[in-house]
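# Structure at a glance
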Amino acid sequence: MGEPRFSLERKNFVLNLAKSITEKQDAKVPGLLLRLKSVLDEHVTMKGLAVRREILEYNLLKVLILILRQDYSVIDGQWETAAELAVILSNVICGLSVDESCRKKLEKEDLPKSIESILLLARHVYIILEASSRKQITSTEKQNTTRTLKIVIDSLLAICSTYTYLVASVLSSQWFLQLLVSDNADVAIITMTALEELVILDLDFPTKIDHNLLFTLLDELIYKLTVNTDLRIAMKASKCLLKFCDSQRHLVDSLCARYIGFYPLLKRWDGKGFDRELRQLTNILESGSCSTAQQQKQKECAVLIQATYRGYSTRKKLTRANNAFSKFHKTYRRKKEKQETDYLQTQYQSELYHQMKLKRQQILRKLHEKKLQELDILLASEVERFLNNEKAVAATNIQTVWRGHRERSRLKERQYITKQVHAAITIQRKIRKWLDKKAVSKQTLPGYLKPSGLTDERKMKLYHQIRQWQQQNPHLHALLPPFQLHLLLISFLMV
């Protein structure tokens, strides 16, 4: 039972919130409006669209627009609460889906007022940030205030990204211009970042704003590039100038004619980290006209493409060369290792052969010494017999070695002869089997398997039966051919 009641309360959430706002004091209204954040974050599909339509229907959108204009220094959460309300306002406006009549009313009344309220809120936050710079406050508080200003500006950009025609209204606002001309580095960077994104959103904005206002924006950007000493501000200003020139080509002619001595002042930023933007600005100023600047830009683009391709091809060649060198080094090291291993193996074999030869010589020497000692011990009468015995043993050893060598040399020939003999035996066996099969197939049928012949008595009996049948069936005998007649007679006799 609890779940349906919860759904019913959630369904009437906007209505109950509108009733609570009418009953509460103005200081409590921002806290009540913050409750919309959870509902908008949760309902991101069709339910979210329904919630936004209810907010518009119960005039909570107008309340959000008006509540941003009050002083939040006496409200819980102070200006962080205001920033959250600005985010809620942008979320509601960007997600609205209404019919054509409501949309026209929204674009004519509510959207311009919402832009003005958010810019006014940004101005209040900027004033607090300027006041805090004169006071002794911690860096954490300063960072929080700067973050609050960035949240407010981001909510403004979110609305402009959905309704791009509002870009001209934002740039025409005196509050936005006041933020742009600020000497505070953080505020100037945030504002110029917003300016760059606004130019991208609506490239035709120079035709929608006053000509003097356009040059006021250009003057401020040129001032920040020439007089300012902060690198971040100069980088943002150069990017904004390039976006201005890209949006409207006729601004190039005005820029070259209006700011004649601007080019030498740009050299102070050489090598500071944004040389590409400086080079583009320099080319625009040197060209002196829109068409020349366009040609110069196309040339730079072509050079950039060629440089990128050459860099890519060079890196590819270097990669291949590195791989080839790595492969060559690996192969060379492997070959050197193999050569060293073979050399060591050869040295080891040579040393082993030398040791074996020495050992053999030592054994022979000891044998000869032993025999000499035996000769010294023997009597003179037995020396001749001993020498003859040694000769016989030596001759026997020589014959044994020779016979072994001779038999080993004949081994391959004997193996070949043995293989031939086995092959001949196999061939003869196959031929004999084939001849036996052929002889069996040529033998005549045995007499006991032949059918016995007809006796004379049986022949006469069959002859009488055939004559009798012919007499009984003369019409068949005349009509049938001889072959069919014989078959019929045979079938009759078998029956």
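Residues numbered from 1 in each chain as written. Predicted model: local features only at pLDDT ≥ 70, side-chain atom pairs only at ≥ 80, totals over all residues. Heavy atoms only, no water.

Another aspect to go through is the nonpolar core. If you look at the biggest cluster of nonpolar residues, it comprises 98 residues, and the most contacted ones within it are Ile55, Leu61, Leu195 and Phe244. For this core, the leading source of residues is helix H8 (residues 100-134), giving eleven residues. Other than its neighbours up to four places away in sequence, Ile55 contacts Val14, Leu36, Leu40, Leu60, Leu61 and Val92. (Core = buried A, V, L, I, M, F, W, Y, C linked by side-chain atoms within 4.5 Å. Buried < 20%, exposed > 50% of the residue type's maximum accessible area, 1.4 Å probe, protein only. Helix = DSSP H or I, 4+ residues; strand = E, 2+ residues; numbered from the N terminus. Contact = heavy atoms within 4.5 Å.)

Our focus in this paragraph is the confidence of the model for the protein chain. Detailed conclusions should not be drawn from predicted coordinates in areas where pLDDT is low. Of all residues in the protein chain, 84% have pLDDT values of 70 or greater, and the mean over the chain is 78. Within the protein chain, no element has a lower average pLDDT than helix H1 (residues 2-11), which sits at 41, and none a higher one than helix H20 (residues 411-442), at 91. Contacts for the low-pLDDT stretch residues 1-9, under 50 throughout, to residues beyond four places or in other chains number one contact. (pLDDT = per-residue confidence, 0-100.)

Once that is clear, we can look at the pattern of salt bridges. In the structure shown here, the tally under the stated rule is seven salt bridges. Here Arg69 makes a salt bridge to Glu116, at a shortest N to O gap of 3.6 Å. Of this pair, Arg69 sits in the loop between helix H6 (60-67) and helix H7 (78-94) while Glu116 sits in helix H8, and the two are 47 residues apart along the sequence. Its salt-bridge partner being Asp186, residue Arg232 comes within 3.8 Å of it at the nearest N-O pair. Of the two residues, Arg232 is situated in helix H14 (residues 231-247) and Asp186 in helix H12 (residues 185-201); the sequence distance between them amounts to 46 residues. The exposure class assigned to Asp186 is partly exposed, which follows from its relative accessible area of 24%. A network of salt bridges, in which partner residues are shared, links Arg406, Glu407 and Arg414. (Salt bridge = Lys/Arg side-chain N within 4 Å of Asp/Glu carboxyl O.)

Here we take up the packing of helix H9 (residues 139-162) against H12. The packing of two helices is summarised by the inter-axis angle and the distance between the axes. Orientation of H9 relative to H12, taken along the N-to-C sense of each, is 10°, at an axis distance of 10 Å. Taken together, the axis directions place H9 and H12 in an arrangement best described as roughly parallel. Contacts between H9 and H12 pair Lys142, Thr146, Leu149, Lys150, Ile153, Leu157, Cys160 and Ser161 from the former with Asp186, Val187, Ile190, Ala194, Glu197, Leu198 and Leu201 from the latter. Split by residue class, the contact of H9 with H12 holds nine nonpolar, two polar and four charged. (Axes fitted to C-alpha atoms, helices over the stretch in contact; angles between N-to-C directions. Parallel < 35°, antiparallel > 145°, perpendicular 65-115°, else oblique. Nonpolar A, V, L, I, M, F, W, Y, C, P; charged D, E, K, R; others polar.)

Turning to the side chain of Lys224, a few remarks are in order. Along the chain, the position of Lys224 falls in helix H13 (residues 211-226). Exposure remark for Lys224: the relative accessible area of 4% places this residue in the buried category. At a separation of 3.2 Å, a polar atom in the side chain of Lys224 contacts the main-chain carbonyl oxygen of Leu180. Of the polar contacts made by the side chain of Lys224, one reaches the backbone oxygen of Ser182; its length is 3.3 Å. Residue contacts for Lys224: discarding those within four places in its chain leaves Leu180, Val181, Ser182, Ala188, Met192, Ile233, Ala234 and Ala237. (Polar contact = N/O pair within 3.5 Å; in protein donor to acceptor, adjacent residues only side chain to side chain.)

So, on to the packing of aromatic side chains. Tallied over the entire structure, the rule returns two aromatic pairs. Measuring from ring centre to ring centre gives 6.5 Å for Tyr163 and Tyr165, while their planes differ by 85°; the resulting arrangement is edge-to-face. Residue Tyr163 is classed as buried on the basis of its relative accessible area, which comes to 4%. Measuring from centroid to centroid gives 6.3 Å for Phe328 and Tyr332, while their planes differ by 20°, and the two rings are stacked. One end of the pair is Phe328 and the other is Tyr332, both in helix H18 (residues 290-377) and four residues apart, which spans about a single turn. (Phe/Tyr/Trp six-rings, centres within 6.5 Å; stacked < 30°, edge-to-face > 60°.)

Taking 1.5 Å per residue, twelve residues should reach 16 Å; helix H5 (residues 46-57) reaches 16 Å between its end C-alpha atoms and fits that length. Downstream of H5 by a residue or two, Asn59 has a phi angle that is positive, lying close to 65°. (Expected span 1.5 Å × (residues − 1).)

What follows covers the side chain of Ser117. Its location among the elements puts Ser117 in helix H8. Polar contacts involving the side chain of Ser117 include one to the side chain of Arg69, which spans 3.2 Å. Beyond its immediate sequence surroundings of up to four residues, Ser117 is in contact with Ile65, Leu68 and Arg69.

Among the structural elements, Val252 can be located in helix H15 (residues 250-258). Sequence separation between Val252 and Ile284 is 32 residues; the distance between their C-alpha atoms is 6.9 Å.

What follows covers the environment of Val51. You can see Val51 is positioned in helix H5. Distance from Val51 to Leu40, taken between C-alpha atoms, is 7.5 Å for residues eleven residues apart in sequence.

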